[in-house]
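Here are the chains, one letter per residue:
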Amino acid sequence: MKVYFLGTGTSQGIPVIGSHHSVCKSQDLRDKRLRVSVWVSWGNHSFVIDCGPDFRQQMLASNCQKVDGILYTHEHSDHTAGLDDIRPFYFKQGEIPIYAHQRVIDNLRRRFDYIFETVNKYPGAPSVVPIEVVNDLPFAIGNKKAIPINAYHGSLQIFGYRIDDFAYLTDVKTIDQTEIDKLRGLKVLVVNALREEHHNTHFNLVEALDFIALIQPEKAYLTHISHIFGFHEDIQKKLPKNVFVAYDNLEINI
Ligand SMILES: [Zn+2]
């Protein structure tokens, strides 16, 4: 299975528009972070987790040729705003399955009403097949199983996903023990770490490292990173030897 980091930034991306912060001006390509998303593929199967406002650019940069489905973590715009840009995949493949909590499907239905339209639908608009994700009910994606992991982003319920020995959790602030039990024996855990300072709805670095220590994956990658966190190179130096800062266009094989 190949995991390709399409974006590793927090909601504004890095550089932030109009910012004079040194990280926003960094020449290191690993400090340029699009909105958070990953592409997971194996054999002939290809899925993305989240579809934010940088989706088009990410599909071009990664040379992704096919999307069999989109798994959503939650409805926030940095994770969903790119839905219209599935059009080229829709034109080639037909309706694209989207997997999400019913609340997220309802939210997308309001915000992208023309995509869900059934009467007099504009022919250029894409179509999706919404599939409700329910906690404790794993579902099939291609010939693999996706296990939803229930967590909280402040007071908002969100899903992470486990696929084989890979798990992807972003925008987590709290998670129950029952969900932690679903994350045993991972080869790779991807988890959000916003910055060093406390934040009300995201793990900071200490919280992310504590979580990694609890789960004990072989390797962990940090994502959803703010420019305030600092330069890629500096963050990496502060991490245990099995923890890495993810960066855009990083590809790992599991
Ligand atoms: Zn987010």
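Just above sits the structure.
Residues numbered from 1 in each chain as written. Predicted model: local features only at pLDDT ≥ 70, side-chain atom pairs only at ≥ 80, totals over all residues.

## Quick word on the overall build of the protein
Working step 1: The helix and strand inventory of the protein stands at eight helices and 14 strands.
Working step 2: Computed over its C-alpha atoms, the radius of gyration of the protein comes to 17 Å, within 12% of the 18 Å expected for a compact globule of 254 residues.
Working step 3: In terms of its C-alpha atoms, the protein occupies a principal-axis envelope of roughly 55 × 45 × 35 Å.
Working step 4: Split into buried and exposed, the 254 residues of the protein put 44% on the buried side.
Working step 5: Taking all contacts inside the protein whose residues are at least 6 apart in sequence as the whole, residues at least 24 apart take part in 60%. (Helix = DSSP H or I, 4+ residues; strand = E, 2+ residues; numbered from the N terminus. Rg over C-alpha atoms; globule rule 2.2 N^0.38 Å. Buried ≥ 20, exposed ≤ 12 C-beta atoms within 10 Å, placed from the backbone. Contact = placed C-beta atoms within 7 Å.)

## A word on the environment of Gly43
Working step 1: Structurally, the position occupied by Gly43 is in the loop between strand E2 (37-42) and strand E3 (45-49).
Working step 2: On the basis of neighbour count, Gly43 is assigned to the exposed category, with 9 C-beta atoms found within 10 Å.
Working step 3: Residues Gly43 and Met1, 42 residues apart in the sequence, show an inter-C-alpha distance of 7.9 Å.

## Remarks on helix H7 (residues 205-215)
Working step 1: Buried residues of H7: Ala208, Phe211 and Ile212, and no others. One side of H7 holds all its buried residues, which, seen down the axis, span an arc of 100°. Along H7, exposed side chains directed more than 90 degrees from the buried face belong to Val206, Asp210, Ala213 and Leu214.
Working step 2: The elements touched by buried residues of H7 are strand E11 (188-192), strand E12 (219-223) and strand E13 (243-245).
Working step 3: Once H7 ends, the next one or two residues include Gln216, with phi positive near 55°. (Arc of directions from axis to C-beta.)

Read these as spatial facts, not as claims about activity.
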